Amino acid sequence: MNEQRAGLLYGFAAYGLWGLFPLYWPLLEPSGAGEILAHRMVWSLAVVSVVLLVMRRWAWVPELLRQPRRLGLLAVAAAVISVNWGLYIWGVNSGHVVETSLGYFINPLVTIALGVLVLHERLRPAQWAAVGVGAAAVLVLTLGYGRLPWIALTLACSFATYGFIKKKVGMGGLESLAAETAIQFLPALGFLVFLGTRGETTFASHGAGHASLLAACGVVTAVPLVCFGAAAIRIPLSMLGLLQYLAPVFQFGLGLLWFHEEMPAERWAGFALVWLALALLTWDALRAARRGRIAVRDAAVVPDEATPRGAVTG
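Residues numbered from 1 in each chain as written. Predicted model: local features only at pLDDT ≥ 70, side-chain atom pairs only at ≥ 80, totals over all residues. Heavy atoms only, no water.

**Quick look at the overall build of the chain**
When you go through the chain residue by residue, the secondary structure sums to 15 helices and zero strands. Referenced to the eigenvectors of the C-alpha coordinate spread, the extents of the chain come out at roughly 85 × 55 × 40 Å. For the chain, with 314 residues in total, the buried portion stands at 40%. Long-range pairs, those at least 24 residues apart, make up 84% of the contacts in the chain with a sequence separation of at least 6. (Helix = DSSP H or I, 4+ residues; strand = E, 2+ residues; numbered from the N terminus. Buried < 20%, exposed > 50% of the residue type's maximum accessible area, 1.4 Å probe, protein only. Contact = heavy atoms within 4.5 Å.)

Shown next as structure tokens:
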């Protein structure tokens, strides 16, 4: 029970920190999204490398270097998450916090759609209903925004694709982040040098406090990931799946209450449909998990009932 309680705390910490990211990125202005993204890549590699060095977890590196297919998948993952990180930073600092939260609300629906289209998975009726309601939500939100909610859709699709690739790679969170940021490092460093030669970098021109905040991008990226890893090994996947909604809930709340973004009636209607779709998914996942537990329990009970009373076993 103590392990599960610790897992819950780690999970709350991970998703809570991710949910509070919209408060951090505006602190880095006047840096543009591209410069912030490059610093995030460079400093994340530095922080994760120190963590792995302290934990002495380097045995995976030579093995990875001997697997070109895995390296290729990690390069694709690095490119996809770069799009996700960059667009998220730009969206927050451009006044689209609520729409970025929408991206992570609909991410589970996009993940399911990806499973159907790429892996040819068969969906249960409730999952089909959730996808249908989600599609209706996008239509309503398109009418509400007066445009396709492309920020939300790009965030959802990029993160769903990233998760799909990560499953194929099958590496731990810290190790994969180290590999991905190692791939990102040279392009990111080159971009920062390019900005410096043009006199457009803000790292050295806006004081030590600003430079420290940019460097802290590495810690801000690594800490919730470490917490997530600690949670994942302590609590059931179904519970972790429920906790994932904390981040977009926090982001949505910040968009409304802190950044005072507009939410006309048609956007509320679209978000309500998204939440209905997520409620259907959650209900279906909990029901499937319960049926799975019952099946496992029944399978364990049947052999005992089949054993004649008084018989000596084992």
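**What to know about a nonpolar patch on the surface**
Together, Leu20, Leu23, Val249, Phe250 and Trp258 give the surface a local cluster of nonpolar side chains, amounting to about 460 Å² of exposed area. With respect to the helices and strands, the residue Phe250 is situated in helix H14 (residues 246-257). (Patch = residues over 30% accessible without salt bridge, like charges linked within 9 Å, V, L, I, M, F, W, Y side chains within 5 Å. Areas by Shrake-Rupley, 256 points an atom, 1.4 Å probe, with all protein chains shown as cover. Salt bridge = Lys/Arg side-chain N within 4 Å of Asp/Glu carboxyl O.)

**Some details on the side chain of Glu175**
Inspection of the secondary structure assignment puts Glu175 in helix H10 (residues 173-197). Within polar-contact distance, the side chain of Glu175 engages the side chain of Arg57 at 2.6 Å. Contact partners of Glu175, with chain neighbours within four places excluded, come to Arg57 and Trp60. (Polar contact = N/O pair within 3.5 Å; in protein donor to acceptor, adjacent residues only side chain to side chain.)

**Here's the deal with the packing of aromatic side chains**
On inspection of all chains with the given rule, the structure shows 17 aromatic pairs. Between Tyr104 and Phe159, the ring centres sit 5.8 Å apart and the planes meet at 80°, which makes this aromatic pair edge-to-face. Taken together, the residues span a long stretch of sequence, with Tyr104 in helix H6 (residues 97-105) and Phe159 in helix H9 (residues 150-169) at a distance of 55 residues. Its relative accessible area of 32% is what places Phe159 among the partly exposed residues. Relative to Trp275, the ring of Phe252 has its centre 5.4 Å away and its plane inclined at 90°; by these criteria the two rings are edge-to-face. (Phe/Tyr/Trp six-rings, centres within 6.5 Å; stacked < 30°, edge-to-face > 60°.)

**Observations regarding the packing of helix H3 (residues 33-55) against helix H12 (residues 217-232)**
Interhelical geometry of H3 versus H12 gives an angle of 60° and a closest axis separation of 7 Å. For the pair H3 and H12, the crossing hand works out as right-handed. On the side of H3, the interface is formed by Ile36, His39, Arg40, Trp43, Ser44, Val47 and Val48, while H12 contributes Cys217, Gly218, Val219, Thr221 and Ala222. When its residues are assigned to classes, the contact of H3 with H12 shows seven nonpolar, four polar and one charged. (Axes fitted to C-alpha atoms, helices over the stretch in contact; angles between N-to-C directions. Left-handed = near helix turned anticlockwise from the far one by under 90°. Nonpolar A, V, L, I, M, F, W, Y, C, P; charged D, E, K, R; others polar.)

**Let's talk about the layout of surface pockets**
Approximately 170 Å³ is the volume attributed to the second largest pocket. Together, Ile106, Leu109, Val110, Ala113, Val131, Gly134, Ala135, Val138 and Leu153 line the second largest pocket. Elements with a minimum of two residues in the lining of the second largest pocket: helix H7 (107-119) and helix H8 (125-145). The element best represented in the lining of the second largest pocket is H8, accounting for four residues. (1 Å grid on protein atoms, 1.4 Å probe; cavity = no way out; pocket = protein on both sides within 12 Å on 5 of 7 lines; lining within 4 Å. Points joined across faces, edges and corners; volume = space filled by probe spheres on them.)

**A word on unusual backbone geometry**
It is generally the case that most residues other than glycine have a negative phi and that most peptide bonds are trans. Between Glu29 and the following residue, Pro30, the backbone shows a cis peptide bond with an omega angle of 20°. The residue Pro30 is located in the loop between helix H2 (21-24) and H3 in this model. Not every positive phi belongs to a glycine, and Arg56 is a case in point at roughly 55°. Its place among the elements puts Arg56 in the loop between H3 and helix H4 (60-65). Despite not being glycine, His260 has its phi angle at roughly 55°, a positive value. Its place among the elements puts His260 in the loop between H14 and helix H15 (265-306).

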